[in-house]
Number of protein chains: 2
Amino acid sequence: MDPNEVDPHFKHLFIKISGNDSEISPFELQEILNDVMKKRLDVKTDGFSLQTCRQIVGLMDRDGTSKLGLLEFHALWTKIQKYLDIFRRHDSDSSGTMSSHELREALTEAGFQVNSDVIQEVVGHYADAHYAIDFDSFIGCLVRLETLFKMFKTLDKKNSGKIVLDIQQWVCLAIN
Amino acid sequence: MDPNEVDPHFKHLFIKISGNDSEISPFELQEILNDVMKKRLDVKTDGFSLQTCRQIVGLMDRDGTSKLGLLEFHALWTKIQKYLDIFRRHDSDSSGTMSSHELREALTEAGFQVNSDVIQEVVGHYADAHYAIDFDSFIGCLVRLETLFKMFKTLDKKNSGKIVLDIQQWVCLAIN
């Protein structure tokens, strides 16, 4: 995408929030997302954590600045709109959160083919005490899945379906 | 360790905080840790996140209840005391946080032999905007490292120094 193709209103917003460096850090992203989400009544969230925002920046950062420039932030915004849409359509009881059953279908629609073991890990990790997944956890989960699928693809150079790791590689990759 | 060997004062405290089920959930653990830590002035923390508490319970849970019983909680307390001690001794400028340089030495003392790539990932993941690591992040990091080393050992049954994973195994293991 060309910077000239970005909607002028979006560009103006980006300039306003990105500050002097014209880049959005995980700290700035956390503020923006929490600001935007608290105005919505249709989806529940207890706030995006810094960790989730770091993972989002890690996924969307293409030029290695560890921050998001205009085009990277635009791509993120498009992704969040898509995920918000999936979240709302699969929240069949309009609870504002997702049950583990609703989650399974939402993940499939988002393009993640995962088995029951993965679903179980996801629910154990992202659900609250009532087994519900709110919007920030949902985004955190999808971003993490996308990152992990991408990492696997990069590591599996010969497309063998398997990766081989030593301890330092394993720790380095999985610690995030 | 035998339950009878646990200090009666500790046992009394455990009964008080664990409630009816005599087990401590990640939610209860979060409350306890944040309660205890806010009384300390020598180490900084912005509060233990639920995610960190889940990882702690995941590491210390031996009987698969996803909660901590008396002996599991006692083992955790001993571990936290040890890590608090390491944190304070390596916080050479008494800032209440750890710099990346201080962290490298603290990790070695805690028994984690990790290379520069891992240190870089750890700092990127656990440090704040000023590259400082506070106490809850330090505990989160050590718990994560211990979990990852343990997972590797379990997977590397023949002690070959390498593990082989397919995509579902990779996602399942790394998502936490």
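Being a predicted model, the structure only gives us computed values, none of them experimental. (Residues numbered from 1 in each chain as written. Chains lettered and ligands numbered in written order. Predicted model: local features only at pLDDT ≥ 70, side-chain atom pairs only at ≥ 80, totals over all residues. Heavy atoms only, no water.)

## Quick word on the overall build of chain A
To be explicit about the condition: Numbering goes from the N terminus for both helices and strands, where a helix is a DSSP run of H or I of at least four residues and a strand is a run of E of at least two. Within these notes, the globule rule equals 2.2 Å times the number of residues to the 0.38 power, and the radius of gyration is based on C-alpha atoms. Between buried and exposed lies partly exposed: a residue is buried under 20% and exposed over 50% of the maximum accessible area for its type, with that area taken using a 1.4 Å probe on protein chains only. Note on definitions: a residue-residue contact is assigned when non-hydrogen atoms from the two residues lie within 4.5 Å. Here the open area of atoms and residues is found with the Shrake-Rupley method and a 1.4 Å probe, where only the protein chains shown may cover a residue. Note that His is not counted, nor are the chain ends; the positive residues are Lys and Arg, and the negative ones are Asp and Glu. For the purpose of locating charges, the reference atoms are NZ of Lys, CZ of Arg, CG of Asp and CD of Glu.
Counting secondary structure elements, chain A contains 8 helices and 1 strand. In sequence order, the secondary structure elements of chain A are arranged as α-α-α-α-α-α-α-β-α. In terms of overall dimensions, chain A is globule-like: its C-alpha atoms have a radius of gyration of 17 Å, near the 16 Å expected for 176 residues. With the principal axes as the frame, chain A shows a C-alpha extent of 45 × 45 × 25 Å. Among the 176 residues that make up chain A, the fraction classed as buried is 48%. Within chain A, contacts between residues separated by at least 24 positions form 60% of all contacts whose residues are at least 6 apart in sequence. Total accessible area on chain A is roughly 9,200 Å²; 51% of this is exposed by carbon and sulfur atoms. Of the side chains in chain A, 20 bear a positive and 27 a negative charge, and the two mean positions are spaced by 3 Å.

## Overview of unusual backbone geometry
Residue and element names in this part refer to chain B. If you check the backbone angles, S94 has positive phi at about 50° while not being a glycine. Here S94 lies in the loop between α4 (70-90) and α5 (100-109). Residue class for S94 comes out exposed when judged on its relative accessible area of 64%. Despite not being glycine, N159 has its phi angle at roughly 60°, a positive value. For N159, a relative accessible area of 69% puts it in the exposed group.

## Thoughts on the relation of the copies chain B and chain A
The condition that has to hold: When the copies are overlaid, the least-squares fit takes in C-alpha atoms only where the residue has pLDDT of at least 70 in both copies.
By a simple turn and slide, chain B fits onto chain A: the slide is 0.0 Å along the axis, the RMSD is 0.0 Å, and the turn is 180°. Read as a symmetry element, the transformation amounts to a two-fold axis. Residue V164 of chain B of chain B places its C-alpha closer to the rotation axis than any other residue of that unit, at 2.3 Å. Taken together, the interface assignments show that 100% of the residues at the interface of chain B recur at the interface of chain A, consistent with an identical surface on both copies.

## Observations concerning the nonpolar core
Let me state the cut-off plainly: The term nonpolar core refers to a set of buried residues drawn from Ala, Val, Leu, Ile, Met, Phe, Trp, Tyr and Cys, joined through side-chain atoms within 4.5 Å.
Ranked by size, the top nonpolar core spans 114 residues in total, and within it F138 and W170 of chain A together with F138 and W170 of chain B carry the most contacts. Sequence-distant contacts of F138 of chain A, that is, excluding residues within four places in its chain, are made with Y83, I86, F87, M98, L103, A106 and I133 of chain A.

## Here's the deal with the environment of Y131 of chain A
Looking at the secondary structure, you find Y131 of chain A in the loop between α6 (116-126) and α7 (135-155). Not counting chain neighbours up to four residues away, the residues in contact with Y131 of chain A comprise M98, S99, S100 and V123 of chain A.

## Topic: the pairing of strand β1 (residues 162-166) of chain B
What counts, and what does not: Two strands pair under a simple rule: DSSP has to find at least two bridges between them.
A one-sided burial pattern is seen for β1 of chain B, the buried positions being I163 and L165 of chain B and the unburied ones K162, V164 and D166 of chain B. Where strand β1 (residues 162-166) of chain A and β1 of chain B come together, 5 bridges link them in antiparallel fashion. By the bridge assignment, I163 of chain A is partnered in β1 of chain B with L165 of chain B.

## Thoughts on the interface of chain B and chain A
To keep things clear, this is the line we draw: Accessible area that two parts lose when put together, with a 1.4 Å probe and added across both, is what the buried area reports. We define a salt bridge as a contact between a side-chain nitrogen of Lys or Arg and a carboxyl oxygen of Asp or Glu at a distance within 4 Å. Within 3.5 Å is the distance limit for a polar contact, defined as a pair of N or O atoms, with the added protein rule that one can donate a hydrogen and the other accept it, and that residues adjacent in sequence qualify only through two side-chain atoms. Residues are sorted three ways: Asp, Glu, Lys and Arg are charged, Ala, Val, Leu, Ile, Met, Phe, Trp, Tyr, Cys and Pro are nonpolar, and all the rest, Gly among them, are polar.
The interface is formed by 38 residues belonging to chain B together with 38 residues belonging to chain A. For the pair chain B and chain A, the two sides together bury roughly 3,700 Å², of which 64% comes from carbon and sulfur. On the chain B side of the interface with chain A, the three residues burying the most area are H125, W170 and I175 of chain B, jointly 21% of the side's total. At the boundary of chain B with chain A, the tally comes to 0 salt bridges. For the pair chain B and chain A, the number of links is 16 residue pairs in polar contact (both at pLDDT 80 or more). Counting only elements with at least two residues in the side of chain B that touches chain A, the list comes to α3 (50-60), α6 (116-126), α7 (135-155), β1 and α8 (167-174) of chain B. Class assignment for the residues of the side of chain B that touches chain A results in 22 nonpolar, 9 polar and 7 charged.

## Regarding the pattern of salt bridges
All names here are of chain A. Applying the stated criterion across every chain yields a total of 14 salt bridges over all chains. Here R89 and E109 are joined by a salt bridge, their closest N and O atoms 2.8 Å apart. Taken together, the residues span a long stretch of sequence, with R89 in helix α4 (residues 70-90) and E109 in helix α5 (residues 100-109) at a distance of 20 residues. The structure contains a network of salt bridges with shared partners spanning R40, D42 and R88.

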